[in-house]
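Okay, here's what each chain looks like letter by letter:
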Amino acid sequence: MSNATYSPGPWEVHQGEDYIEVFASNPQREIFNIMHPTVDDEANSILAAAAPELLDALERIIAEDDNGRGQSDGNFSSEAFADARIAIAKARGETQTAA
């Protein structure tokens, strides 16, 4: 398990004429910036800014399933839950491979 931590969300994208910055809101802190961004950089920044909230949502879904309150008995495949667990491990800096 990694001891690394990340800045809590929400994260925001600030865009100027020739730069993009992603900031954590509380406390306000720059996560990264890109000078002279491309269209792909803009889309990637938006995705990265959503990362803390996506991680939180996945963790809550998995926790509900682990507690027997989830929807995995018909609404989600076990493969989807396995993929979610792998994504969570990756975001936490842990090593987990597909089963």
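Computed from a prediction, not measured in an experiment: that's the story for all the values here. (Residues numbered from 1 in each chain as written. Predicted model: local features only at pLDDT ≥ 70, side-chain atom pairs only at ≥ 80, totals over all residues. Heavy atoms only, no water.)

1. So, the pattern of salt bridges
Here comes step 1: Taken as a whole and judged by the stated rule, the model has 2 salt bridges.
Here comes step 2: With a shortest N-O distance of 3.0 Å, Arg-60 and Asp-56 are connected by a salt bridge. Here Asp-56 and Arg-60 lie together in helix α1 (residues 39-66), a separation of 4 residues that amounts to about one turn.
Here comes step 3: For Asp-56, a relative accessible area of 36% gives the class partly exposed.
Here comes step 4: A salt bridge links Glu-59 to Arg-92; the shortest N-O distance between them is 2.8 Å. With Glu-59 in helix α1 and Arg-92 in helix α2 (residues 78-92), this residue pair connects regions lying 33 residues apart in the sequence.
Here comes step 5: Residue classification places Glu-59 among the partly exposed positions, given a relative accessible area of 24%. (Salt bridge = Lys/Arg side-chain N within 4 Å of Asp/Glu carboxyl O. Helix = DSSP H or I, 4+ residues; strand = E, 2+ residues; numbered from the N terminus. Buried < 20%, exposed > 50% of the residue type's maximum accessible area, 1.4 Å probe, protein only.)

No statement about biological role is implied by the geometric values presented.
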